[in-house]
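What the coordinates show
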Amino acid sequence: MDRQTDQTLSWAVGGQSGEGIDSTGEIFARALHRLGYHVYAFRNFPSRIKGGQATYTVRAAAWPVRCEGDRLDVLVALDPESIADNRDRLAAGALVVHDAAFQPDATTGNGMCFAAVPLTDLAKAAGNPIMKNVVALGLSAGLLGLPREVFAAALERKFGRKGGRVLEQNLAALDKGFAAAAQWSPELRGAVLRLPPAAAPAGDVAPASSATPSGPVPADAAQAPAGDGRRLFLSGNEALAMGALAAGCRFYAGYPITPATEIMTWLIRHLPRCGGAVVQTEDEIAAVTMAIGAGYAGVRAMTATSGPGFSLMMEALSLAGMTETPVVVVDVQRGGPSTGLPTKTEQANLNETIYGSHGDFPRIVLAPATPEDCFHLAAEAFNLAERLQCPVLIASDLALGLAKQSVAGLDCGRVHIERGALVGGTTPAPRAAPAAGTAGPGGLDGPGRPGEPGGYKRYRFTEDGVSPRALPGQPNGRHLVTGDEHDEAGNITEDPETRARMMEKRLGKLRGLDLSAIGLRYEGAPEPELLLVGWGSTHGAISEARRALAAGGRTVAHLHVKALHPFPTAAVAERFQRAGRILVVEQNATGQLAGLIRREAGFAEKLESCLKYDGVPMRPGEILARAEEILAARPRPGDRPPTRPAARPRPGDRPPTRPAAGAALQEVWRR
Amino acid sequence: MDRQTDQTLSWAVGGQSGEGIDSTGEIFARALHRLGYHVYAFRNFPSRIKGGQATYTVRAAAWPVRCEGDRLDVLVALDPESIADNRDRLAAGALVVHDAAFQPDATTGNGMCFAAVPLTDLAKAAGNPIMKNVVALGLSAGLLGLPREVFAAALERKFGRKGGRVLEQNLAALDKGFAAAAQWSPELRGAVLRLPPAAAPAGDVAPASSATPSGPVPADAAQAPAGDGRRLFLSGNEALAMGALAAGCRFYAGYPITPATEIMTWLIRHLPRCGGAVVQTEDEIAAVTMAIGAGYAGVRAMTATSGPGFSLMMEALSLAGMTETPVVVVDVQRGGPSTGLPTKTEQANLNETIYGSHGDFPRIVLAPATPEDCFHLAAEAFNLAERLQCPVLIASDLALGLAKQSVAGLDCGRVHIERGALVGGTTPAPRAAPAAGTAGPGGLDGPGRPGEPGGYKRYRFTEDGVSPRALPGQPNGRHLVTGDEHDEAGNITEDPETRARMMEKRLGKLRGLDLSAIGLRYEGAPEPELLLVGWGSTHGAISEARRALAAGGRTVAHLHVKALHPFPTAAVAERFQRAGRILVVEQNATGQLAGLIRREAGFAEKLESCLKYDGVPMRPGEILARAEEILAARPRPGDRPPTRPAARPRPGDRPPTRPAAGAALQEVWRR
Amino acid sequence: MTTRTAAEFKGPVRPTWCPACGDYAVLTGLQKAAADLDLDPDRTVVVTGIGCSGKLSSYFNAYGFHGIHGRVLPLAQGIKLANRDLTVIAAGGDGDGYGIGGNQFLHGCRRNVDITYIVMDNHVYGLTKGQASPTSDKGFKTVTSPEGTAEEPVNPLLLALAAGAGFVAQVFSGRVEPLVRVVKRAIRHRGFSLVNVFSPCATFNRVNTYDWYNEHLVDLDADPAHDRTDRAAAMARVLEHGGLVTGVIYEDPDRPSFEEALPGFPREPLASLDLRLGREAWEEILAEYV
Amino acid sequence: MTTRTAAEFKGPVRPTWCPACGDYAVLTGLQKAAADLDLDPDRTVVVTGIGCSGKLSSYFNAYGFHGIHGRVLPLAQGIKLANRDLTVIAAGGDGDGYGIGGNQFLHGCRRNVDITYIVMDNHVYGLTKGQASPTSDKGFKTVTSPEGTAEEPVNPLLLALAAGAGFVAQVFSGRVEPLVRVVKRAIRHRGFSLVNVFSPCATFNRVNTYDWYNEHLVDLDADPAHDRTDRAAAMARVLEHGGLVTGVIYEDPDRPSFEEALPGFPREPLASLDLRLGREAWEEILAEYV
Ligand SMILES: Cc1ncc(C[n+]2csc(CCOP(=O)(O)OP(=O)(O)O)c2C)c(N)n1
Ligand SMILES: Cc1ncc(C[n+]2csc(CCOP(=O)(O)OP(=O)(O)O)c2C)c(N)n1
Ligand code: SF4
Ligand code: SF4
Ligand SMILES: [Mg+2]
Ligand SMILES: [Mg+2]
């Protein structure tokens, strides 16, 4: 898709990690956001601390862009590797602004324009060669005709503390960039760089675009955003942490791991102010069991991790399930298996979130697709955990967790806290305060000692399987909680009859739970010839692919699954029934969502997979290519359901993503 | 099924755990085995060390009995609880011999005969009241007309070391029991107790039965057993450890856990004699990683555990998959979730064996159904692990692991050791010995330094994805092994192209792997109206149910799945196509095998579940009842595939197992 | 001073330990200590691991949490941090605490949350029927070490001292009075306290019996020369006697607990907080992201 | 005596540590030690954990196993037990070894398999970008402890001594000669040896810098009064200096390694065994079950 069609601008800055790539990208992205654009920003970074090629991509438009897209329109390259690493994304006619300090290998260019700018020299002139990133920033802003104040203000915020001199030099570097841009002829600039008309500035209600949306631009592009009206620019991890805070999470225990660490560091900055606490534990086993202990004692508790740490939590999940203890566990998936690709994205823990750990016990698995989802599903997770007294898992992924996006405001007021059945309807009063609210179901104020006839029964058999909890501190609520099988009072038993009923009670809690309302999002034609199905961070890319297909005359739709377990089978089946073929898009090598669908809903004969497992976020063009491939083939009504070998990666499953190299180069910049 | 029909005898001794229940049962079982009977023996014991009701059941016949059956013909009760706990199994006309020291609550009897025998008094007379179990043993043997010598010899073996006095007393107690039995009128005895004609004695080739097999007795009952001809009496755990030893396992690391501990204790007795070593580690994480380390260094290595410990091993499994390190991990499943029912059986870790751990990596999951399987699949596991360089999991279960059974001989000679691709075709020579066998593929004797062009590449891309291993110690085989993504040489990389190819290489190793030959066992009609499908220890119970159904005129068959992953889809689908309805029998609450089948093979519309999750081993009658229920209902061709809620436990899934109480009692024994 | 009796802390379930198991004395000792300290059963939580020892919570009348093998300490810390009004007592076996739970032990000692940890140390894995444990004497013969163990045993006191525990004590099931006295002191200690109890396994340990302990133990509480505020001296004494000492070995009454040391940790129990977020707080947070 | 050079132990990959990272000195020190000891690269395995430190195995020319976070010791022990002809060197970070890997560390010390464990202790989680580690000084400010940590740091030497390690040493990346000398001695030690290396993180630890160490470290190797065969004395010295000592702190040359102590453990590498089972052995086994 070219810029004319999708009306976006894709800009990236690349260089050695540690050269200020992140801050340059971040300032650029945030400025566009504040100017009213919808922005999607993603860092591609290596698993090392300093050095190694890193790219910060910013995609902006007047409509809500929600993925990196396929194309790079402008690359500001601080080193040669950046060009090599991003070459596949550079569209014909793309502009590569590179530091004149090196000569790019232009032999494999694809009709891109190379422009050498003496970034380092200009930075040197401003006072320090390391500020070449700031020169690049000014240059980029200047070329797009963006106002200097926004960028100067950003630098002021950043360096304010470090005192005048550094800031001054940075502002000088910025200006050198702007000045360099001013030397470009307006035609040249316009040919390469044209940002779509700006929407309303940040803080306002609607990023009302003056562009008439058409074709692949979403129909609702000009609509007012939902929420409390304030547009935000933030990552999925940040939104998730905010959702947890808003939902009353007051205890977090965790162990650092990429890409989940931000959730902990965010909460450590904000929780104590609300009376909560964060503990960095010795390992993930301690993290999850500490959270379970806190959840048992009546605090909304959470832990977050990624693959390797998540695997270590498996045993404890089973404990939470057996003891009916609420706890929220977040898995921000990254490239696996094992340590895998710690800084790259993947969605290969779906199976583990649903099937990891031993024995049968109730759990709920939610999978946010956007920062808004991260916020609201995190909040919902705590309600579900306490209402159904079981672990709730949130399967996020690196691309979702780390990408920063413009969102239409997150409304704390929409978060309702439902604490589920508590005897006396309340949590324990502090020791200092007079005891209150101890009467209630379960005869807590009766004469029966806990465990005796008439006494409180923690695991009382009830209609819906949920038994009101007494939290420690609750007068007369004493009982045993155990990971061994137990009777209604909580005492250990091996009686087969009781055992069977307890299993039914526990698993029965999820029986009526239909998550389709929060767990499915459907967009597009009601009876599509092709239905795109996805989960997690691929939402944006699938959306764009869907719109492109529709613009090409196809009847298509997009079903995004945000509740993986219990699976919203009925609602999914209804959609599937009406679809011609179904393409399941996911970032793993074995088609885990497709497998889940086959198991829970069937439809094997209609299912196709679009798999990606190279660590790079899914791109619309890859989905498009695979979709066209499927639509070109005839439907195969008599086909046998695909068996495991078919679901395994075949080279054919990887759509050709990389455009062929070649074509002429142009040197558009003269000193 | 009554005794006339199935021609078996079911005998049990029950009492307080610690009263010698196990040794009594064991001596009795082994004696019958040595007398040429086929014996199945199972202990039901509580999760405590002393006290608590324990029952040792022995079922014997002239044909290969392979489960406890539904019925108890004789119960020797040392305490009242034993009667209460086993009441449901006591058939009409069953004999309950109880210690005259107590008066059983006979009000809910079901036409059983109660016989009070002064076991304690007789033991006291023999010298010590604690020998009441030995009196019971003599009594039981006497009633059945079994030869005294066999039992006296067993006692001699047991007490030989403790010196004369204790043995003398025990022999006296045994004789008191025999004498008591002699007082019974032969008619009375015959009415209640008649052991089918004995087969050939132990040590001989065939337990040739003189009974003409008919009805539910298997058609091959009189056939000679396979194997090397020596009939053995042993548990699944013992057979599995023997298989590992025979296959060349020389390193075991483990942490104690019921019901897997016997594998470790068995190996600790036998491995050092063959030059191997067993390490009891600090936890299961150390156990599995130590085994992985050993596997990497060229030793066939194993660990075994159960649910909670298995969950702790999840992270490391992923490492073995990523580094392509062979290792064998055994999960002897027990009642879950969490600590659950540590001494009861269950099959609820199927999902975890296949889907536990993060990321996509190759693994193989085998599930033995009999001690013979335990032996041969354990041996095969090591070959698969080294041939395909991946973790191989063996999912056993408590009923299989702990029940002792007569088997037709285990042939060490049938075990072939295939070590897979090794550069130079060999393991490293000891430092003392001259280096040998270092030439070979990969240019190990070439000039290229490892990692340099021409040097050895541990993860060389090959046709089948398997790259020859160089083991540490191998000259010029140096390379890095890492859980991070890596290139052919083993060095860490984040290159998307290489990453994708490596994923394909690893997962591709299983592509051609069709496990149907070792992984499926089919018995019965080729086009059955009902196909019973099971896995693990339920094999014996399903077999009996199938024969009973067939005897009742139904066309039935039984497919047992012993390879869970990669699933033998094609072969299973072929069988399923020809079946009317399919009943999946398993001991868990969510129908994990049924779910796997839906995912891998489809056929949701034909599938029904027979689930059991109360910790008690599956019984033929339960399957029979469920099968009759299904056969009574009409086929439902237009049905929607069952969705998750349908797969969840419903009270209706549990066939009524417990016979109604009531009926008159008889007092058949007079002092 | 108090009207409570040990009997009030008797739980609803009858103990199923083997006769002569050392754990009986731990149970009754803890019940006596609880009564003496006038603990409120409704504000007391006994958290236990998996093992024979772990059954303690079934037999004690209070809130009880019988968790998973080796994780008694993070569970107990989570409970205490969630509600600091509770008295939290963690208990388990030597395998549970020093075997599989070793990392939780190490870090529990230095984190110093105000809980008391009672280890019923019988030098063997009881519930799984008699394998060697981390505290088994070198050469101890079991089903998993038929020729005797090859490793040096863990020395729990030394480890706790090295890991920075602020209260380290050891007692013996065979002597209930000091057990009660030391457990009381441990519960009163503000911060993490370890009480390692030599609690003989009557079934699987025929070496470290009541008689054996009676013969070998040295009571440091009876030794006026022992300076229990000096960590190095405490270590030296423990080493000197091969770990076979009883009494309060080390105590640092001034060290702040984790709750006191963690910046911003509130006085009010987290479990009692009003969970609603103020409008201003929310606005302040959003301001970062506009 | 030897013809090998440190350069021979240079691996195929160029290090990507930050400039001035302390781990460079550990790498070159280990390469030098390996050359001095005339180790055969083909019979040497470097096993590493996850962290910046874990990258060491990528840069060292030998067999390398870069495992999972915290499990370097069981991996290394498994390798050594599988083939006792190999020289096995385990290495990792402070988080890897004393944080998540604490239990493996504890039991690795007492099990005493003949491996050498080098911990690159920078008092911080480097690879995950600067969170507090178990050895972080109390009050150390990081993204996860913006107001400073609340816990007492782990003291690795004390822990190793308490856990029964037979060789305990500490060196500093800023002084390569003693580093090489001590590492050589550690590798030569029969049994488990710990070398804790103060290896400054130039990026995330602005407190424990080269200068800081140069100022604070006390060299026990230079102190003739230090009796390195006395465990209690070693502990006292470590405590006395708050852990800031260097040199060989403790050494027990006579203690048998696990391989020597484990009954029946063969002299021949397990990896070199003929796996076929003799007919008699098999018959003997079957005899139990007929
Ligand atoms: C993860 C896990 N591994 C193993 C077990 C099996 N297990 C139960 S109790 C126990 C050890 C008990 O020893 P100890 O902690 O000393 O307690 P004791 O029974 O001696 O009181 C073990 C290994 C388990 N329950 N969970
Ligand atoms: C199970 C697991 N948890 C967390 C991580 C993330 N992680 C990688 S390295 C590391 C800590 C590194 O610190 P340290 O061991 O001190 O090594 P350094 O980088 O400082 O050398 C962590 C937490 C992981 N890889 N695996
Ligand atoms: S086995 Fe030992 S520890 Fe367990 S209850 Fe019996 S005596 Fe006590
Ligand atoms: S972050 Fe620290 S430890 Fe890691 S490479 Fe950089 S300086 Fe070294
Ligand atoms: Mg113990
Ligand atoms: Mg570190």
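See above for the structure.
Residues numbered from 1 in each chain as written. Chains lettered and ligands numbered in written order. Predicted model: local features only at pLDDT ≥ 70, side-chain atom pairs only at ≥ 80, totals over all residues. Heavy atoms only, no water.

**Some thoughts on the sheet that holds strand 2 (residues 63–66) of chain C**
- Judged by pairing direction, the sheet is mixed, and its 9 strands sit side by side in the order 15(A)-2(C)-1(C)-3(C)-4(C)-8(C)-7(C)-10(C)-9(C) without closing on themselves. Of all the strands in the sheet, the pair left with one neighbour each is strand 15 (480–482) of chain A together with strand 9 (218–219) of chain C.
- The sheet contact formed by strand 1 (residues 44–48) of chain C and strand 2 of chain C spans 4 bridges and is parallel. For Thr48 of chain C, the partnering residue across the bridge sits in strand 2 of chain C and is His66 of chain C.
- Helix 1 (residues 23–36) of chain C rests against strand 3 (87–93), strand 4 (116–121) and strand 8 (193–198) of chain C of the sheet, and its axis sits at about 155° to strand 4 of chain C. (Pairing = 2+ DSSP bridges. Helix = DSSP H or I, 4+ residues; strand = E, 2+ residues; numbered from the N terminus. Contact = heavy atoms within 4.5 Å. Axes fitted to C-alpha atoms, helices over the stretch in contact; angles between N-to-C directions.)

**Some thoughts on the relation of the copies chain A and chain B**
- Superposing chain A onto chain B takes a rotation of 180° combined with a translation of 0.0 Å along the rotation axis, leaving an RMSD of 0.1 Å. Here the two chains are linked by the operation of a two-fold rotation axis. (Least-squares fit on C-alpha atoms with pLDDT ≥ 70 in both.)

**Details of the site of ligand 4**
- Neighbouring ligand 4 are the residues Ile49 of chain A together with Trp17, Cys18, Cys21, Cys52, Asn122, Cys201, Ala202, Thr203 and Phe204 of chain D.
- Around ligand 4, the neighbouring residues derive from chains A and D rather than from a single chain.
- A class-by-class count of the residues in the shell around ligand 4 yields 8 nonpolar, 2 polar and no charged. (Near = heavy atom within 4 Å. Nonpolar A, V, L, I, M, F, W, Y, C, P; charged D, E, K, R; others polar.)

**Focus: the interface of chain C and chain A**
- Chain C puts 58 residues into the contact, and the matching count from chain A is 79 residues.
- Taking both sides of the interface into account, the surface hidden between chain C and chain A amounts to around 5600 Å²; carbon and sulfur atoms contribute 58%.
- In this structure, Arg269 of chain A engages Glu288 of chain C in a salt bridge whose closest nitrogen and oxygen atoms are separated by 3.3 Å.
- For the interface between chain C and chain A, the tally reads 27 residue pairs in polar contact (both at pLDDT 80 or more).
- Elements with a contribution of two residues or more to the side of chain C that touches chain A: helix 2 (56–59), strand 2, helix 3 (72–82), helix 5 (102–111) and helix 11 (279–287) of chain C.
- Take the side of chain C that touches chain A: its biggest share by element is 7 residues, from helix 3 of chain C.
- Residue classes in the side of chain C that touches chain A are distributed as 30 nonpolar, 16 polar and 12 charged. (Buried area = accessible area lost by both parts, 1.4 Å probe. Salt bridge = Lys/Arg side-chain N within 4 Å of Asp/Glu carboxyl O. Polar contact = N/O pair within 3.5 Å; in protein donor to acceptor, adjacent residues only side chain to side chain.)

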